[in-house]
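Each chain, letter by letter, is given below.
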Amino acid sequence: MENLLQQLELYKKEITAETANTPEAVEAFRIKYLGTKGLLKAVMGEMKNVPNERKKEFGQLLNEFKQFVELRYETLKSQHSTTADNNNEKIDWSLPGDNFTVGTRHPLSMVRNQIVSIFQRLGFAIAEGPEIEDDWHNFGAMNLPEDHPARDMQDTFYINQNPSWLLRTHTSSVQARAMEKQKPPIRVICPGRVYRNETISARAHCFFHQIEGLYIDENVSFADLKQTLYFFVQEFFGKDTKVRFRPSYFPFTEPSAEMDISCLICGGDGCTVCKHTGWVEILGSGMVHPKVLENFGIDSNKYTGFAFGMGVERICQLKYRVNDLRLYSQNDVRFLKQFTSVV
Ligand code: DAH
């Protein structure tokens, strides 16, 4: 046993003297001392010859020895490792770097962000609601009772498990949720995806995007509605863009109006986009129907409000001349990479 002790001391000296100064020599050190047929294994194997009463004492010594060898190995390795950090000559710093392919924002997201930020500057806050809605928020509260013919205009996807659930057909449902949650003054802009059971074609899709606006306070007038939307058009489409309001009908507004802008494609001269009228419709709007206000306990004698809803795809089409709605959801990189923006 005493032999083994002496032997360990000799090994330690030998190991301390090892000066593996190339990565290859470090590897040779590892194999010689720590490998499966290496010295450490052999020394550890001696344990079986140690009498039981001294096993504890030797166990400890051998453990210390093991740590000693491992530490020496780690030290040599860190001094002469093959890793890039320590091995400068092997790296050709003149090689060109890796190219990252940077994605672009989706045109609909860009347009949505631009629209939202214009209204944010006017003090509108963003509001959101669920895409799976109930009948009340999508229809009932918006003054479309069950037998209302206008429900037919919006081919609704219903949900099998529960017939009072549906995929929202317009972002007007978020108006309902905003009025439910907040007390006037309310000034929100609600971007989101909506769904309608339409056959997919260049001009129609089963889902698309809308942006809803709602402003309720004392003394809000139709003039405020017009001025707000006029400001939006000037900011978004440019100062030369003309607007016009046409009387219309929506169950949730009274009076209601649709807003057209002068056609950006032909400058008002007439083309296929504006069907040779020089004007294109971009949104529906109106003064919030008193019944809608009362549905949420808002006193319609004290408060008035305006609302509007626009289709993001339509606006994107006008801005970027996209002539087929399907392009937005096909994720064809050749289409997507044509849009670059910081917003
Ligand atoms: N919800 C209407 C639609 O999807 C758009 C709309 C019209 C929204 C008038 C409004 C509004 O807030 O006042 O066709």
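A brief look at the structure comes next. (Residues numbered from 1 in each chain as written. Predicted model: local features only at pLDDT ≥ 70, side-chain atom pairs only at ≥ 80, totals over all residues. Heavy atoms only, no water.)

## Topic: the sheet that holds strand β7 (residues 243-250)
Here comes step 1: With mixed pairing, the seven strands of this open sheet are ordered in space as β1-β5-β6-β10-β9-β8-β7. The sheet is open, and its two borders are formed by β1 (125-126) and β7, each paired with just one other strand.
Here comes step 2: Across two bridges, the pairing between β1 and strand β5 (residues 186-195) is parallel. The residue bridging Ile126 from the neighbouring strand is Ile189, located in β5.
Here comes step 3: Running over the sheet, helix α10 (residues 312-320) touches β6 (207-217), β8 (253-262), β9 (279-288) and β10 (304-311) and is turned about 60 degrees from β10. (Pairing = 2+ DSSP bridges. Helix = DSSP H or I, 4+ residues; strand = E, 2+ residues; numbered from the N terminus. Contact = heavy atoms within 4.5 Å. Axes fitted to C-alpha atoms, helices over the stretch in contact; angles between N-to-C directions.)

## A word on the site of the ligand
Here comes step 1: If you check the shell around the ligand, you find 16 residues, and the closest are His170, Gln175, Arg196, Gln210 and Glu212.
Here comes step 2: Within the contact set of the ligand, an oxygen atom lies 2.5 Å away from a side-chain nitrogen or oxygen of Glu212.
Here comes step 3: Ala307 places a polar main-chain atom, nitrogen or oxygen, 3.2 Å from an oxygen atom of the ligand.
Here comes step 4: Contact with the protein chains hides 91% of the accessible area of the ligand, taken as 360 Å² for the molecule alone.
Here comes step 5: Of all the elements in the fold, those that place two or more residues in the shell around the ligand are α7 (172-181), β6, β9 and β10. (Near = heavy atom within 4 Å. Polar contact = N/O pair within 3.5 Å; in protein donor to acceptor, adjacent residues only side chain to side chain. Areas by Shrake-Rupley, 256 points an atom, 1.4 Å probe, with all protein chains shown as cover.)

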